[in-house]
Each structure stands twice: as C-alpha cells, then as structure tokens.
Amino acid sequence: YKIKTDGSKIMRLVSDTDINEVYVIGKKIYYDRVYTMSADGDGSDKKRICEVKPLGRQFDISGDYMYWIEEDISSDYFSNWKFSVCRKKLDGTDEQEVLEGRIHSLAVDGEWMYYSYTGGISKVRTDGTDWESLVDEDVQDYNIKDEWIYYTQGDGGEKVSIYKVKNDGTGQQKISTIEGANTLGKIYVLGDWLYCYSNDILRRVKNDGTG
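Note that this is a predicted model, so its numbers are computed, not measured.

Draft legend 1. Quick peek at the overall build of the protein. Counting its secondary structure elements, the protein contains one helix and 19 strands. Computed over its C-alpha atoms, the radius of gyration of the protein comes to 18 Å, within 12% of the 17 Å expected for a compact globule of 211 residues. Dimensions of the protein, computed from the C-alpha atoms along their principal axes, are close to 50 × 45 × 30 Å. Residues classed as buried in the protein amount to 44% of the 211 residues present. Within the protein, contacts between residues separated by at least 24 positions form 29% of all contacts whose residues are at least 6 apart in sequence. Total accessible area on the protein is roughly 11,800 Å²; 45% of this is exposed by carbon and sulfur atoms. When the 28 positive and 38 negative side-chain charges of the protein are each reduced to one mean point, those points stand 6 Å apart.

Draft legend 2. Up close: the side chain of Asn-143. Residue position: Asn-143 is located in strand E13 (residues 141-145). Within polar-contact distance, the side chain of Asn-143 engages the backbone oxygen of Ile-187 at 2.7 Å. If sequence neighbours within four positions are ignored, Asn-143 has contacts with Trp-148, Ile-149, Tyr-150, Lys-186, Ile-187, Tyr-188 and Val-189.

Draft legend 3. Region of interest: the sheet that holds strand E4 (residues 47-48). With antiparallel pairing, the four strands of this open sheet are ordered in space as E1-E2-E3-E4. The open sheet is flanked by strand E1 (22-25) and E4, the only strands paired with a single partner. Bridge count between E1 and strand E2 (residues 28-31): four bridges; the pairing is antiparallel. From the neighbouring strand, Val-22 faces E2, where its bridge partner is Tyr-31.

Draft legend 4. Local environment of a nonpolar patch on the surface. Together, Tyr-1, Ile-3 and Ile-10 make up an exposed nonpolar region whose accessible area comes to about 380 Å². On the secondary structure map, Ile-10 appears in the segment before E1. Among the residues examined, Ile-10 registers a relative accessible area of 58% and is labelled exposed.

Draft legend 5. Quick look at the pairing of strand E19 (residues 201-206). Sheet topology places strand E18 (residues 193-198) next to E19; six bridges connect them, and they run antiparallel. If you follow Cys-196 over to E19, its bridge partner there is Arg-203. Where E18 folds back onto E19 in an antiparallel hairpin, the turn is made up of two residues, including Asn-199, whose phi is positive at roughly 50°.

Reading the values: the criteria
Here the residue numbers are simple positions, counted from 1 along each chain's written sequence. With the structure being a predicted model, the display of local features is reserved for residues of pLDDT at least 70 and the display and counting of side-chain atom pairs for 80 or more, all residues being used for whole-chain, interface and lining totals. No hydrogens and no water enter the side-chain calculation; it runs on all heavy atoms of the structure. Comment: elements are numbered from the N terminus, with helices defined as DSSP H or I runs of at least four residues and strands as E runs of at least two. For the radius of gyration, the atoms used are the C-alpha atoms, and the globule rule reads 2.2 Å times the number of residues raised to 0.38. Categorising residues by exposure relies on relative accessible area from a 1.4 Å probe, with only protein chains included: less than 20% of the type maximum marks a residue as buried, more than 50% marks it as exposed, and the intermediate range marks it as partly exposed. The contact criterion used is simple: two residues touch if any of their non-hydrogen atoms lie within 4.5 Å. Surface exposure here means Shrake-Rupley accessible area, sampled with a 1.4 Å probe, where a residue is shielded only by the protein chains that are shown. Positive: Lys, Arg. Negative: Asp, Glu. His and the chain ends are not part of the count. The atom standing in for a charge is NZ when the residue is Lys, CZ when it is Arg, CG when it is Asp and CD when it is Glu. Pairs of N or O atoms within 3.5 Å make up the polar contacts considered here, provided that, within protein, one atom can donate a hydrogen while the other can accept it, and that residues adjacent in sequence are counted only when both atoms are side-chain atoms. A pair of strands is labelled paired if DSSP reports no fewer than 2 bridges between them. Think of a patch as exposed residues, more than 30% relative accessible area, with no salt bridge, where like charges cluster within 9 Å and nonpolar side chains (Val, Leu, Ile, Met, Phe, Trp, Tyr) cluster within 5 Å. For salt bridges, the criterion is a side-chain nitrogen of Lys or Arg within 4 Å of an Asp or Glu carboxyl oxygen.

Quick look at the structure:
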C-alpha cells in the first residue's frame, strides 16, 4: 500500500506478495528482494529484477547493490547455524558473500554496513573490512539517517525507549520512552520525524524528543 503521511488517500499497489521489506529509492519501489515497480503508479508495472535464495531474509539497497542476510540451517542451530551477509547487483550479477556471523538485522549506508547481533550494533565496510562496535547493549531495532543511528531498547517489562547515537559510536542520547509497550516496530525516519508502531498504534516523535 501507499498512503499520505496525514493518513489520507490509501492505495493498494500489489496483493500477490508476502512482503518483508519495502524501499522507495528515487522513482522506484523495491520489495520482496526481487521486484521493482514505479513509485508514482498503481503497481501494474511491477517486474522481477533478480532471484534470491529462498533462505535469504531482510534486504537493503545501496548504490547498484542489494544486500541481504543469508541463513544456512543445514547445521546445528545452537552451535553452527551460519548467518552471512551477501550482495549482488540489481541486475542479478556479481553475487558475493561479504560477512559471516550471528547477524540479526542489516542496514547499508554508503560504504558501510550496520548490523545488529545479540549484544548491540556494529559496523563494517561493504567489503567486510574495518569492523567496529558502536552499541554494546541489546537492541530491538534500528535505522540510520545521515550521521545518526536511531534504535529502540526495552527494559524487560512494559517500557521501551528510543535512543540515538552517532555513526562513530559517540553522542548517545535518549529521545523518548513509551509506557505500556514491550516492543516497538522498525523505526522509519522522514525529515525530522521518527515513525514507529507498538500495540497496533502508529506513533511519531521528532528526533530531538519533542512533538
């Protein structure tokens, strides 16, 4: 679907899909890792851009490349389950594995990949070099805008807080705390606003904690 930010003019674009992630880049919408269509149309011009292995999950796009997390469940879950970050060009060529580890979520910004794992957020170059830890606490979800990483963290009960930290790991600040929620959905950044949802409620707050 697409909808105006004031809640009006909702339009269904496609229905034959189990969408995992949606990205709007320029005049194109990329979704389900393999499809693209016009951002200002009605979904009728969708087309397949590449195949991704069935076990691939969560993807991101930066430049000419699509990045995703690949799972290998052929081995023991607790000791040897393999997670890899792979990438390929949007035309389906030049597939590579660039990182391996216990990776849960992924975001690509320029020449850097940011990923979460049990214990925090790290970054590494898109070629797999220059690894650096940024946040050491458990993180529920996060997103990146300009030089800031915005992320959520629960207290183990019915309270979730939104934080921001610079992409070099400095300047950590608490933005807002939501009572009566033990988790928040993914954070989306639009201008000065952060959008997220909890308990079937869509919320927003300015990135300085006001509004």
